[in-house]
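So the chains spell out like this:
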Amino acid sequence: MDLTLKIWRQASVDEDGKMVDYSISDVSPDMSFLEMMDMHNEQLINKGEDPVAFDHDCREGICGMCSMFINGEAHGPDRLVTTCQLHMRKFKDGDTIVIEPFRANAFPVIKDLAVDRSAFDRIQQAGGFVSVNTSGNTQDANAIPIDKHNADKAFDAATCIGCGACVASCKNASAMLFVSAKVSQYALLPQGKVEATDRVLNMVKQMDEEGFGNCTNTGACEVECPKGISLENIARMNSEYLYASLKG
Amino acid sequence: MSKLQSKVPEGPLAEKWTNHKSKINLVSPANKRSIDIIVVGTGLAGASASATLAELGYNVKTFCFQDSPRRAHSIAAQGGINAAKNYQGDGDSTYRLFYDTIKGGDYRSREANVYRLAEVSTNIIDQCVAQGVPFARDYGGLLDNRSFGGVLVSRTFYAKGQTGQQLLLGAYSAMNRQIARGKIKMYNRHEMMDLVVVNGKARGIISRNLVNGEIERHSAHAVVIASGGYGNVFFLSTNAMGSNVSASWKIHKRGAHFCNPCYTQIHPTCIPVSGEHQSKLTLMSESLRNDGRIWVPKRLEDVKAIRSGELKPTDLNENERDYYLERRYPAFGNLVPRDVASRAAKERCDAGFGVNKTGEAVYLDFADAITRYGKEQALVKGQDENDPLLVKKLGQEVVRAKYGNLFQMYEKIVDQNPYETPMMIYPAVHYTMGGVWVDYNLMTSIPGCYAIGEANFSDHGANRLGASALMQGLADGYFVLPYTIGDYLSDDIRTGPISTDTPEFESAEKEVINRIDSFINNKGKNSVDFYHKKLGKIMWDKCGMSRNTKGLKEAMIEIKELREDFYKNVSVPGSSKEFNEQLAKAGRVADFLELGELFAKDALERTESCGGHFREESQTPEGEALRDDKNFSFSSAWEYNGEPSKAKLHKEQLKFEAIEVKTRSYK
């Protein structure tokens, strides 16, 4: 396939960026999107130009490091995949592909397509844990049976990979889907209930301080989430938050 | 000749760890506050160690090259984690887990370490559940188990096909709690560039900030390396793109012995290579072999017809298929250990039975499992178990619930529906059993420098059983290192802060800067990947699933030549003062180019076959691996001596007190 790429180039956080056009040929439909980007970078290096910076690591859709806003969608046109699992067979010969970083005030651009998502870490540090020391002296793992339905729902929420697609897709750059996934995982398990009040209050407070926007229930986050995290989690977090505030 | 002190405690095997813990020195809570520890890497081992050391009161500085500790490649582990809980009542015990692991490792691991691993395995599950890790449960609300290769019990705990993710997020959450308390200082997007040794002790590291290129000095009373394995020396592997050997290799060059580098696990069930553009390979969890049956056609003409597209695999009936694992290993069938399954796939493909265009693929077929589950469901639901369409639908639902994410991943990559047609799989480099040599306390041959998780060599011998990597990473980080490190640090309670303003830091920093500048100023003609791919091809062709004297000798020469060419002709764009992935990669590939040669040397000198190391010269008439206990019952710890080819061998003899060493058979 022969393609035209329009790629956001930005040298650093302090400099202005712009879209730059490139053409690339002999792209195989079996390539992943990132393999196409590798090939493009190899060509840039051989021409003595600066390769395009982008984040990536596991390349099997689980580490959450790859990002990219492709043709107006986080992780591109396919559903339930990250950019590393998007394959070129989803595009046609002659296509123009527009590639931008995940954009949000809370995700400053580091270089080109790589952004700083450390705000997510700080939200987790505010309460995304159960306060139990690793002494090895906890009770037996089967001492508390957990209803399978709740365990499964907790698992579904826990599959969030922290990539930030929800934020990039939201017109308000809200992080509600991300935060609610963690809040829900613990709210659904007995181990997490003890600290539920402080957890939701602290995590939401940190989320607001990081500069993420509010949720207006458009549902774009759920559509673009590579792991299919459900909006139900946001509803659960809202109820947890209300309860915690009243209990306050 | 050997001066290696394994420091395995005296006493009966089952009491060694308990006795050792009771007798080693401790550091008081007040003194822990004045001791700093550096941890490099945030996978299961690094994250769990960081969290636990911080809980104990030490000041921890943790480094990862990714943008967040949660991204480390433990996250990609799919199938599960072993623990001798015996929840299924199928006869499991600490001893049996220990025995299976020793046997699975082909009697090339250190007995006392493996027993300790089995012993603490049950604590791991308790700990993770307490942290809120959502393991799979049954309808009674209790934890569910599945079975993995090389064992005859169900002891594997899992969270669908995302067990590594859930365990890592558990350890990451424990870290977050300590980061919030200020006990862990986290350095994301930082790479360790060298170890600083002062008066023979590890006292710090030089790091590079990957965002702005700044070189930094960090001091500590001890340094823990938890940077994972070196599978990426093969270029194509199931490792993450950034996974590298550099932290381990730097400490090796500073005096830590590197042990058994040739023990590499080639995992049998990965998605086959599709073309030259391939940047990495994707694993399909071993758990799939619980329900999938592996086969190739019996007749070569059927293979040809399948390759040309005239015939579909589903057109072949039972008698026309060769379920070669069930044929060769009736006792374990499709659940033989990984090394055995991989070699068997290679044997069939080398004989011309590979089922895809490249001739390097076999089938993993779920049709029987779908029918079996479908009939069971039909019965449970009171529906017609003789209606094939209904049975198929119900069976597919069960398989989807068990392996849904893996099937989806396969479909996205290969563009075929594995519910309807068998998966195609082929072995790929996955895990490295070899690594930095450590004693029983997990300390390397440099005092104060530790290695944990995949980065060390100790627990898996020549082959690792499935669902044991997660177990080892967490055992080392949560339950072993935090005890043993105190024994060493108890001598450091009066040391006070370590200054970074010393000649040792100065010279290490200078070496790092010179090396970076030499890459940037080289202005050669070939990219870093050009060399990485060439190295990978030499490794796969000559140090891969089967090895021989001629190939290994050639590999040593070719890798050395490639390394020399790399330093002359590599091209690294950009500058050292910016976000420059090519520069970071250049340093990692340079280290792989040295490790590769030591790997080949190690494989050359070990003329026996064992576990993942198969020497063509050492096999039975049936083509099974032939071990040579008389001459090779030792671990090969290599001391750096200027050049990989000149490394000096130290042998740690393996003594087995509690078990009888036998020929490993899965027939």
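Model, not experiment: these values are computed from the prediction.

Peer 1: Teacher, can you tell me more about the overall build of chain A here?
Peer 2: Secondary structure assignment for chain A yields 9 helices and 7 strands. With respect to the principal axes defined by its C-alpha atoms, chain A has extents near 60 × 35 × 35 Å.

Peer 1: What is the right way to read the packing of helix H4 (residues 94-104) of chain B against helix H5 (residues 111-130) of chain B from this model?
Peer 2: Packed helices, taken two at a time, are described by the angle their axes make and the gap between the axes. All names here are of chain B. At their nearest, the axes of H4 and H5 sit 8 Å apart, and the two run at 135° to each other. When the axes of H4 and H5 are compared, the pair comes out oblique. Relative to H5, the crossing made by H4 is right-handed. For the pair formed by H4 and H5, the contact residues are Thr94, Leu97, Phe98, Thr101 and Ile102 on the first element and Glu111, Val114, Tyr115, Leu117, Ala118, Glu119 and Ser121 on the second. Split by residue class, the contact of H4 with H5 holds 7 nonpolar, 3 polar and 2 charged.

Peer 1: Help me understand the domain arrangement of chain B in this model?
Peer 2: As a measure of interface size, the accessible area lost when the parts come together is often cited. All names here are of chain B. The domain architecture assigned to chain B consists of domain 1 (268-428) and domain 2 (516-653). Taken over C-alpha atoms, the centre of domain 1 sits 33 Å from the centre of domain 2. Counting residues at the interface gives 6 residues for domain 1 and 5 residues for domain 2. Looking at the side of domain 1 that touches domain 2, the element that brings in the most residues is helix H10 (residues 338-353), giving 5 residues. Taken together, the residues of the side of domain 1 that touches domain 2 sort by class into 1 nonpolar, 1 polar and 4 charged.

Peer 1: I'm lost on the sheet that holds strand E8 (residues 215-219) of chain B in this one. Help?
Peer 2: Two pairing modes exist for strands in a sheet, parallel and antiparallel, and in both the strands are linked by backbone hydrogen bonds. All names here are of chain B. Spatially, 3 strands are ordered E6-E7-E8 in an open sheet, and the strand pairing comes out antiparallel. Each edge of the open sheet carries a strand with a single partner, namely strand E6 (190-198) and E8. Between one strand axis and the next, the sheet turns by 25° as a mean value, whatever way the strands run. In this sheet, E8 lies alongside strand E7 (residues 201-209) in antiparallel orientation, the contact comprising 5 bridges.

Peer 1: Help me understand the interface of chain A and chain B in this model?
Peer 2: Tallying the contact residues gives 67 residues for chain A and 67 residues for chain B. Elements that contribute at least two residues to the side of chain A that touches chain B include exactly helix H1 (33-46), strand E6 (109-111), helix H2 (118-125), helix H3 (148-158), helix H5 (176-187) and helix H6 (190-193) of chain A. Considering each element in turn, the side of chain A that touches chain B owes the most residues, 7 residues, to H1(A). Here the residues of the side of chain A that touches chain B are counted per class, giving 27 nonpolar, 24 polar and 16 charged.

Peer 1: Sorry, what's going on with helix H7 (residues 246-253) of chain B here?
Peer 2: Residues and elements named next belong to chain B. The buried fraction of H7 amounts to 7 of the 8 residues, a majority that puts the element mostly inside the structure. For H7, the complete set of buried residues consists of Ser246, Ala247, Ser248, Trp249, Lys250, Ile251 and His252. Looking at the residues trailing H7, positive phi occurs at Gly255, about 130°.

Peer 1: Any chance you could explain the domain arrangement of chain A here in plain terms?
Peer 2: Residue and element names in this part refer to chain A. Partitioning chain A into domains gives domain 1 (3-110) and domain 2 (118-247). Look at where the C-alpha atoms of domain 1 and domain 2 centre, and you get two points 29 Å apart. If you look at the interface, domain 1 gives 18 residues, while domain 2 gives 16 residues. Of the residues belonging to the side of domain 1 that touches domain 2, the class tally is 10 nonpolar, 6 polar and 2 charged.

Peer 1: When you look at the sheet that holds strand E5 (residues 184-187) of chain B in this model, what are you seeing that I'm missing?
Peer 2: All names here are of chain B. The sheet built from 5 strands is open, its strands ordered E5-E2-E1-E9-E17 with parallel pairing. Pairing within the sheet leaves two strands with one partner each, and these edge strands are E5 and strand E17 (449-451). Going across the sheet, the axis of each strand differs from the next one's by a mean of 20°, ignoring polarity.

Peer 1: I'm lost on the nonpolar core in this one. Help?
Peer 2: Residues and elements named next belong to chain B. Ranked by size, the top nonpolar core spans 289 residues in total, and within it Val224, Ile225, Val436 and Tyr450 carry the most contacts. For this core, the leading source of residues is helix H13 (residues 469-489), giving 12 residues. Contacts of Tyr450, omitting those with residues within four sequence positions, involve Ala222, Val224, Ile225, Leu442, Met443, Thr444, Leu481 and Ile485.

Peer 1: Help me understand the environment of Glu506(B) in this model?
Peer 2: Tracing the chain through its elements places Glu506(B) in helix H14 (residues 503-522). Along the backbone, Glu506(B) and His650(B) are 144 residues apart, and their C-alpha atoms lie at a distance of 32 Å.

Peer 1: Looking at this model, I keep getting lost on the pairing of strand E5 (residues 96-100) of chain A. Mind explaining?
Peer 2: Looking down a regular strand, the side chains alternate between one sheet face and the other. Residues and elements named next belong to chain A. Pairing geometry for strand E1 (residues 3-9) and E5, over 4 bridges, is parallel. Within E5, the residue paired with Ile7 across the bridge is Ile99. Summarising the sheet, strand E3 (residues 69-70) and E5 pair through 2 bridges and their orientation is antiparallel. Within E5, the position partnered with Phe69 by the bridge is Glu100.

Procedures and definitions
- Residues numbered from 1 in each chain as written.
- Chains lettered and ligands numbered in written order.
- Predicted model: local features only at pLDDT ≥ 70, side-chain atom pairs only at ≥ 80, totals over all residues.
- Helix = DSSP H or I, 4+ residues; strand = E, 2+ residues; numbered from the N terminus.
- Axes fitted to C-alpha atoms, helices over the stretch in contact; angles between N-to-C directions.
- Parallel < 35°, antiparallel > 145°, perpendicular 65-115°, else oblique.
- Left-handed = near helix turned anticlockwise from the far one by under 90°.
- Contact = placed C-beta atoms within 7 Å.
- Nonpolar A, V, L, I, M, F, W, Y, C, P; charged D, E, K, R; others polar.
- Domains from an automatic or database assignment.
- Pairing = 2+ DSSP bridges.
- Buried ≥ 20, exposed ≤ 12 C-beta atoms within 10 Å, placed from the backbone.
- Core = buried A, V, L, I, M, F, W, Y, C linked by C-beta atoms within 7 Å.

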